[in-house]
Amino acid sequence: RAVEAAGAPAPPEPEAPAPAETVETAQIDSRQMLDVMSQAIEAGRVDLYFQPVVTLPDRRPGYFEALTRIRTEADNLVLPGAYLPVAESSGLIPLIDNVLLVKSVQTLRRLGPQSPIKGVFCNISVKTLLDPEFFPELVEFMEENAGLSDSLIFELTQAGLLSLTEAELGALDTLAALGYGFGLDHVTEFDMDFVGMRDRAFRFVKV
């Protein structure tokens, strides 16, 4: 129920109509994709999906991973692999990350402290962390919701983390000072200073 309340599509009932189809994006160029994204953001067609992260061996959901999808005007879904490269290069990625974070916070509040769900992983781009206009607003929003800091985990890709300079890593330190932790995603190389990452509030590694 909490997921439905946050606006994420729920599995259809047996007699429900078929879910929205994924739009074919192979023939869509970058300019057209930019138009699709801009219209979706303006019209509120950036949706949040939750993928359960289960414990073993009982397979009970312990966490959610928050994922964004955008819908075209015809209500077809566009998957992240198709729109994220254009979103990052065009500067729209902070707006999409903002939707992800706001809806994730809303979901955590609806779940409440008694929920068996321990937290939500939120994939966030390093470009969002380095955006001089958006990052101060992000810090203010996360400070207002610091009571959820144990339940909201910022997830960064390994490539994104390794691209940051020591000065740029200060953005992570700012969020860590508010009590938030991090997870590392898309790990391909294990020759890293994991102890140093732990000291920088990294709590999870996804392999």
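Scroll up to find the structure this text is about.
From a predicted model like this one, the values you see are computed outputs, not experimental measurements.

To continue, consider a negative patch on the surface. Residues E133, E137, E140, E143 and E144 make up a contiguous surface patch of negative charge. In this fold, E140 is placed in helix α6 (residues 134-144).

In terms of nonpolar packing, the biggest core is built from 37 residues, with L129, L152, F154, L161 and L172 touching the most fellow members. Take this core: its biggest share by element is 5 residues, from α6. When neighbours within four sequence positions are excluded, L172 is seen to be in contact with L129, L156, L161, L164, F182 and F202. Core analysis: the next-biggest nonpolar cluster, separate from the first, contains 13 residues, V36, V78, V86 and I93 among them.

A few words on the pairing of strand β5 (residues 152-157). Of all 6 residues in β5, 5 are buried, a share of seventy percent or more. Where strand β4 (residues 119-123) meets β5, 4 bridges bridge the pair, whose relative direction is parallel. Bridge pairing in β5 places C122 opposite F154. Examined bridge by bridge, β5 and strand β6 (residues 181-185) share 5 bridges and lie parallel to one another. For E155, the partnering residue across the bridge sits in β6 and is G183.

Procedures and definitions
- Residues numbered from 1 in each chain as written.
- Predicted model: local features only at pLDDT ≥ 70, side-chain atom pairs only at ≥ 80, totals over all residues.
- Heavy atoms only, no water.
- Patch = residues over 30% accessible without salt bridge, like charges linked within 9 Å, V, L, I, M, F, W, Y side chains within 5 Å.
- Areas by Shrake-Rupley, 256 points an atom, 1.4 Å probe, with all protein chains shown as cover.
- Salt bridge = Lys/Arg side-chain N within 4 Å of Asp/Glu carboxyl O.
- Lys, Arg positive; Asp, Glu negative; His and termini not counted.
- Charge placed at Lys NZ, Arg CZ, Asp CG, Glu CD.
- Helix = DSSP H or I, 4+ residues; strand = E, 2+ residues; numbered from the N terminus.
- Core = buried A, V, L, I, M, F, W, Y, C linked by side-chain atoms within 4.5 Å.
- Buried < 20%, exposed > 50% of the residue type's maximum accessible area, 1.4 Å probe, protein only.
- Contact = heavy atoms within 4.5 Å.
- Pairing = 2+ DSSP bridges.

Interpretation in functional terms is not warranted from these geometric data alone.
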